[in-house]
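Survey of secondary and tertiary structure
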Amino acid sequence: MAIRRFLQEANPKDIKKMLWLTLVAGCANAFLIVVINQVAVLIAQGQRPTWFEVITFLTAFVLYYVCNKKALLDANNIIENLLKNLRINIADKLRQSELRTVNKVGRGRLYSLLAYETNHLSVTFPILVENFQQAVLLAVAMIYLGYLSLAALAVFFIAVLCGILIYAYINENYSEVLETVARQQEKVLDLYGDLIHGSKEIRLNQKRSKDIMNVFFNESDNTEELLTNSGKQWTMMVLLSAFVMDLMLGIVAFVFPHYIEGHSDIIFQLIPTLLFCFAPLSKMVAHSPLFIRAGVGLSSIYQMEKEIESARGVSTAVARNKGKKFQDFKEIRFKDVIYEYTDKQGAAVFTSGPWDLEVKRGELTFLVGGNGSGKSTALRLMSGLYNWDAGQLFVDGDEVTVKDVAGFRELFTTIFSDFHLFDRLYGLEHVDPEEVEKLLKIMDLADKVQFKNGRFSDTHLSTGQRKRLALITAILEDRPIYLLDEWSAEQDVHFREYFYTSILTDLRARGKTVIVVTHDERFWHLADRVVKFDLGQIEWDSKGDKSSYN
Ligand SMILES: Nc1ncnc2c1ncn2[C@@H]1O[C@H](COP(=O)(O)OP(=O)(O)OP(=O)(O)O)[C@@H](O)[C@H]1O
């Protein structure tokens, strides 16, 4: 069971301590009620409670309060610590796993599992502790019930057994329903993503806005139906305990007097004791959907973790270490590279390759071609971000195996068209602030962005400005190979010119290997080499002979 697996990650000492505290609190609580019951009998017989009863009551009261509080606080600490570790663990695996798998897992599912499900667990776990207390309470109450009347205990057992059988019947499909609910909620989260990220497009097109809302209505209807169904099962469970309790009380009140000897003497104690037995029982039944829900959530988290784990690359330290041997490369060769994008059914929707390419150190290469010809895909494949389906990679004649690719990636700094701009220079601890200020000036951003305490003051810039800021980070990274995907597309005339005639040529002069995806035909002559892509393949490669495109 997922919850057990989850709890096994905790320090056993902490769990044991918390369970002992819970046990003591449960016993103290049960003792409290037994004392009250005894005192009620004394008062019914016209006597007064003695100091012994008063002190016993107060001791049980203090013990219950202190132990219960400590147990619940400990439970909270344990669960929050476990959840923190789970979040860190998944975040760590996410950053190290292969891009294709992360893309497949999907945003909605990731957000839903990491935010919603972990919060649900955080709320559920203290209730689990309370339930353990209720179980202790029930055990003590049953001993007391047996002491009062073995017949009542037997009937109680039979009634509870019937209840358990009906509960199992109701519960049969409950987990399944909850799993479907969780998947449905992921879909709705994805739609929320569309509503938030597509807010401009939606506001500018009422028909689109209405269509999205229609889809939202449909999905909301589905969610409502599923939740109503799960609510129905929950109601049945809650009603079940009330049903069993009323049945049991009816038997004791109406049937027992006819068959059980001396019943009238103990009826005043029997009825409250039975009620006392049913209180923890109904609480446990009422809470059980929360645990089923938490179990389903945890199973989904573990499933996602497994998917990410299976696509795990090597650790940062290993990647850096492996990367060292490639740092002084002279030539990289991609041979017969093939990569396929597939749809959900696994059918190929676009194939990049087979293509061959040799890249020399210090060379400035332009990748050109029509929209959708496969330039960006080729760039991702060259950087080792996508694991190709077939093909080979050689650095200075030596083949780079799959397990060395993470090290190979350490050669690259990239700005893809869907780049993410971090406000901090992560991975660049010892950067000179003056150097950053200088670059901000060169990129005409000094009046917009300051570099303070290791971070940029603002990243809410125009697309062109954001790309300039990304280029500053790339320059500071100072890696041997630069991959720039249509960097100049959003730049004004001045910066476009500056990019081709100054930035790129400077990078080349510094010995950097630069590969640029571009549609700016008028600057092609500045490249050492132009490679044209079409339908995922290399249509022509100028290799220094510019006549092919002149
Ligand atoms: N994640 C993806 N899943 C499925 N197909 C994809 C995916 N990304 C890209 N494609 C498809 O691969 C093909 C090549 O896309 P790519 O982005 O490499 O082209 P491109 O030459 O860079 O185009 P552009 O000049 O428009 O940026 C396109 O037909 C595109 O639809």
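The preceding data block contains the structure.
Please read all numbers here as calculations on a predicted model, not as lab measurements. (Residues numbered from 1 in each chain as written. Predicted model: local features only at pLDDT ≥ 70, side-chain atom pairs only at ≥ 80, totals over all residues. Heavy atoms only, no water.)

Some remarks on the pattern of salt bridges
- Evaluation of the coordinates by the stated rule reveals 22 salt bridges.
- The closest approach of N and O atoms between Glu490 and Lys467, which form a salt bridge, is 2.9 Å. Highlighted residues: Glu490 in the loop between β9 (481-485) and α16 (493-509) and Lys467 in helix α15 (residues 463-477), separated in sequence by 23 residues.
- Under the relative-accessibility criterion, Lys467 is labelled buried at 3%. (Salt bridge = Lys/Arg side-chain N within 4 Å of Asp/Glu carboxyl O. Helix = DSSP H or I, 4+ residues; strand = E, 2+ residues; numbered from the N terminus. Buried < 20%, exposed > 50% of the residue type's maximum accessible area, 1.4 Å probe, protein only.)

What to know about the site of the ligand
- Inspection of the region around the ligand gives 13 residues, with Gly372, Gly374, Lys375, Ser376 and Thr377 positioned closest.
- A distance of 2.9 Å separates an oxygen atom of the ligand from a polar backbone atom of Gly374.
- Ser376 places a side-chain nitrogen or oxygen 2.6 Å from an oxygen atom of the ligand.
- Summarising the interface, the protein chains cover 61% of the accessible area of the ligand, which totals 640 Å² for the free molecule.
- Elements that contribute at least two residues to the shell around the ligand include exactly β2 (348-360) and α12 (375-382).
- Ranked by residue count, the leading element in the shell around the ligand is α12, at 3 residues.
- Its residues placed into classes, the shell around the ligand shows 3 nonpolar, 8 polar and 2 charged. (Near = heavy atom within 4 Å. Polar contact = N/O pair within 3.5 Å; in protein donor to acceptor, adjacent residues only side chain to side chain. Areas by Shrake-Rupley, 256 points an atom, 1.4 Å probe, with all protein chains shown as cover. Nonpolar A, V, L, I, M, F, W, Y, C, P; charged D, E, K, R; others polar.)

A few points about the state of the cysteines
- Counting across every chain of the model gives 0 disulfides.
- Left unpaired, Cys67 is separated from the closest cysteine sulfur, that of Cys27, by 10.0 Å.
- Judged by its relative accessible area of 10%, Cys67 is buried. (Disulfide = S-S within 2.5 Å.)

Considerations on the packing of helix α3 (residues 51-96) against helix α10 (residues 263-310)
- Put simply, α3 and α10 touch, their axes get as near as 9 Å, and they point 30° apart. Between α3 and α10, the interaxial angle falls into the category roughly parallel. As α3 packs across α10, the resulting crossing turns out to be left-handed. The residues of α10 that touch α3, namely those facing Leu86, Asn89, Ile90, Lys93 and Leu94, are Ile301, Tyr302, Met304, Glu305, Ile308 and Glu309.
- Residues of the contact of α3 with α10, tallied by class, amount to 7 nonpolar, 1 polar and 3 charged. (Axes fitted to C-alpha atoms, helices over the stretch in contact; angles between N-to-C directions. Parallel < 35°, antiparallel > 145°, perpendicular 65-115°, else oblique. Left-handed = near helix turned anticlockwise from the far one by under 90°. Contact = heavy atoms within 4.5 Å.)

What about the sheet that holds strand β3 (residues 364-368)?
- Spatially, 6 strands are ordered β6-β9-β10-β3-β11-β12 in an open sheet, and the strand pairing comes out mixed. Looking along the sheet, the strands with just one partner apiece sit at the ends: β6 (412-415) and β12 (537-541). Mean inter-strand twist for the sheet, computed between neighbouring axes without regard to direction, equals 20°.
- Where β6 lies against β9, 4 bridges are found, and the strand directions are parallel. Residue Phe412 lies in a different strand from β9, and its bridge partner there is Ile481. (Pairing = 2+ DSSP bridges.)

Some words on unusual backbone geometry
- Backbone torsion omega between Gly353 and Pro354 reads 0°, so that peptide bond is classified as cis.
- By secondary structure assignment, the location of Pro354 is in strand β2.
- Non-glycine residue Asp396 carries a positive phi angle of around 50°.
- With respect to the secondary-structure elements, Asp396 resides in the loop between β4 (390-395) and β5 (398-399).

Observations concerning the nonpolar core
- Ranked by internal contacts, the top residues of the largest apolar core, which has 40 residues, are Phe366, Leu469, Leu471, Leu484, Phe499 and Leu504.
- Those elements that place two or more of their residues in this core are β3, α14 (433-442), α15, β9, α16 and β10 (513-517).
- Broken down by element, this core gets its largest block of residues, 7 residues, from α15.
- In this structure Leu504 touches Leu364, Phe366, Leu484, Phe499, Val514 and Val516, once residues within four positions along its chain are discounted.
- Membership of the second largest hydrophobic core comes to 36 residues, among which are Ala152, Phe256, Ile266 and Cys277. (Core = buried A, V, L, I, M, F, W, Y, C linked by side-chain atoms within 4.5 Å.)

Considerations on the pairing of β3
- Among the 5 residues in β3, 5 count as buried, and that is most of the element.
- Of the two faces of β3, the one holding Leu364, Phe366 and Val368 and the one holding Thr365 and Leu367 are both buried throughout.
- Relative to β10, β3 is paired through 4 bridges, and the arrangement is parallel. Note on β10: the bridge partner recorded for Leu367 is Val517.
- As defined by bridge partners, β3 adjoins strand β11 (residues 529-534) across 4 bridges and the pair is classed as parallel. The partner of Phe366 across the bridge, within β11, is Val530.

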